[in-house]
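# What the coordinates show
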Amino acid sequence: MFEKTITLTGRKGLGIYKGMIDFRDFVKSIFTSFKSLRYLRFRSIYTIIINQTRFTGVDALAIVMIIALLLGGTVIIQALTSLPKFGVEGFLGNILVIIIARELGPLATALIVIARSGSAIATEIAVQKWSREILSMELMGIDTKLYIVFPRIVASTLSILGLIIIFDVVAFIGGYIIARTVVYIPMDVFGQTLIDAFTFKDIIAALIKSVMFGITIPLICCYYGLKPNSKFEIPIYVSKAVIRTLFIAIIVNGAVSTIFYLV
Amino acid sequence: MSDAILELKNVTYRRDSITLLDNVSFSLTRGDNITIFGPEGSGISSLFDIIIRANADFEGDVFYKGESIKSLGYFELMNYKKEVGYIHGDYGLMSNLTVEQNISLPLDYHSSMSASEIKAHVGRIIYDLNLDHCRKLRPFDLTRSEILKAAFGRAIAHDPDLLYIEHAFEDQCYLNIKSLIDVLTGRSMRPDKSLVMITYYPQNFIDISDEFIMFFNGRVVFTGRKEDFMNSGNPYLVQYRTNSIEGPMIIL
């Protein structure tokens, strides 16, 4: 029994190690592809960037705003009702900035993007591979890593940055409006506490998170999208893409917060 | 200087200890068109790994315009692939692009032509292939013949010196691809353009082929010009022409 557990753990560990080596090789191959950027004509990827930005950013606006409104409202109601009990209502702005702007905004946005666009990227690429579209591109002398991955990284980074800003703004303003139905707080006081609480560090951290998410989400999803060798494997790898990107996003969020606010 | 556009010298290619090509040598002169045929498992599809994908580990050498493609680096290989037009039986049109965008894709990526020049050039190809009615349609909305014509248009968009067509005509109604055959015939007569046709039906390409090569078990078993293909008594060729199970080839 013990031996079996050890063997299974070892096998799992070896599998994870091999997967990491494979992913490292994938990332290396993308770096190699970046060398051919000078041969790439921007017009060939312009449409992809526009379409991906529209899908990842613009089309996700409605759902991001609704979730921001609900989450923002909940956090603000909790803060306004709980802080006075501890006699720290003066820290309302700080609490909101800490919860919404530093953590909830970037993470919730990343989760929405993974659920919508990450799964779509992995599926699209897997289907393109299965229908030999990617092979056709390769045989036209098109650097597929550059043509497929690069525009998605650019589009995701732009979209996530925009969505995080919108999420935070909607969460604060919308949340305030919702909260006003429960607790009274003057708008100017609320606004001033937020402005006072925001630091330059918060803006840089949000920027770095959006860039990190913008790179990791399409990168991992493209990696898994290129994996299936048959139709049967497509849903397996799409599921892996979503779950592992979620996991990595939470790690990235935690790592950036640790570096900025703990170290 | 040799006028061969493509030359295979003593190519032996093994995968998983199975010999797919066994000491294969042939050359294609600039301006000539060659039809390569043979039954399933004869090795004609393995030529793709050697000539087109050019990433296989094999013995011997392949020369394109006198230069060994075995020694090409990453970017040189990209340039080589850019220079060879290729169509396969699955066509591989980008499903999210229209016919016009599919044909202009290699030009958008590689060419120094301006956007308006590309549009005009692609417009001519679309007109020649009789694809005007589906210019703005995506592959999903096309018939098989229209998909083939769009894939053909994409393969010839940058006017490659060598066109490699692999089983692309196998499942087509020739009446529907008349415009394509006309363009292909016109191209086959040009002294600077060459064609490699991989097919199970060599008789369909008698009018455009200068030379025929038959494969069996990874080896070349027949080579000859058009007249030889029609009249030779080569037992392999006779068995293939007559669709007989009796002969030197044991067909499973």
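You'll find the structure just up there.
All values reported here derive from a predicted model rather than from experimental measurement. (Residues numbered from 1 in each chain as written. Chains lettered and ligands numbered in written order. Predicted model: local features only at pLDDT ≥ 70, side-chain atom pairs only at ≥ 80, totals over all residues. Heavy atoms only, no water.)

### Describing the pairing of strand 8 (residues 194–199) of chain B
All names here are of chain B.
- The element strand 8 is extensively covered by neighbouring structure, given that six of its six residues are classed as buried.
- Because side chains alternate across strand 8, one face comprises the buried residues Ser 194, Val 196 and Ile 198, and the other comprises Leu 195, Met 197 and Thr 199, equally buried.
- Two elements, strand 7 (residues 162–166) and strand 8, share five bridges in a ladder whose sense is parallel. Residue Tyr 164 lies in a different strand from strand 8, and its bridge partner there is Val 196.
- As a crossover connection, the stretch from strand 7 through helix 6 (residues 178–188) into strand 8 is right-handed. (Buried < 20%, exposed > 50% of the residue type's maximum accessible area, 1.4 Å probe, protein only. Helix = DSSP H or I, 4+ residues; strand = E, 2+ residues; numbered from the N terminus. Pairing = 2+ DSSP bridges. Right-handed = clockwise from strand over helix to strand, strands pointing away.)

### Topic: the side chain of A:Asn253
- By secondary structure assignment, the location of A:Asn253 is in helix 9 (residues 234–261).
- With residues near it in sequence (within four places) discarded, A:Asn253 still touches A:Glu103, A:Pro106, A:Leu107, A:Lys209 and A:Phe213. (Contact = heavy atoms within 4.5 Å.)

### Thoughts on the environment of A:Gly141
- Considering the arrangement of structural elements, one finds A:Gly141 in the loop between helix 5 (133–139) and helix 6 (144–180).
- A:Gly141 sits in the buried class, given a relative accessible area of 3%.
- Each C-alpha atom of the pair A:Gly141 and A:Ala108 lies 39 Å from the other, and the pair is 33 residues apart in sequence.
- If sequence neighbours within four positions are ignored, A:Gly141 has contacts with B:Met78, B:Lys81, B:Lys82, B:Tyr109 and B:His110.

### Some thoughts on the pattern of salt bridges
- A full pass over the atoms with the stated rule returns 23 salt bridges over all chains.
- In this structure, A:Arg152 engages A:Glu124 in a salt bridge whose closest nitrogen and oxygen atoms are separated by 3.0 Å. Within this pair, whereas A:Arg152 is found in helix 6, its partner A:Glu124 is found in helix 4 (residues 92–130), the two being separated by 28 residues in sequence.
- We note a salt bridge from B:Asp161 to B:Lys65, for which the minimum N-O separation is 2.6 Å. Taken together, the residues B:Asp161 in the loop between helix 5 (144–156) and strand 7 and B:Lys65 in the loop between strand 4 (59–64) and strand 5 (67–68) connect sequence positions 96 residues apart.
- For B:Lys65, a relative accessible area of 32% corresponds to the partly exposed category.
- Several salt bridges share partner residues, and in doing so they unite B:Lys65, B:Glu83, B:Asp159, B:Asp161, B:Arg190, B:Asp192 and B:Lys193 into one network. (Salt bridge = Lys/Arg side-chain N within 4 Å of Asp/Glu carboxyl O.)

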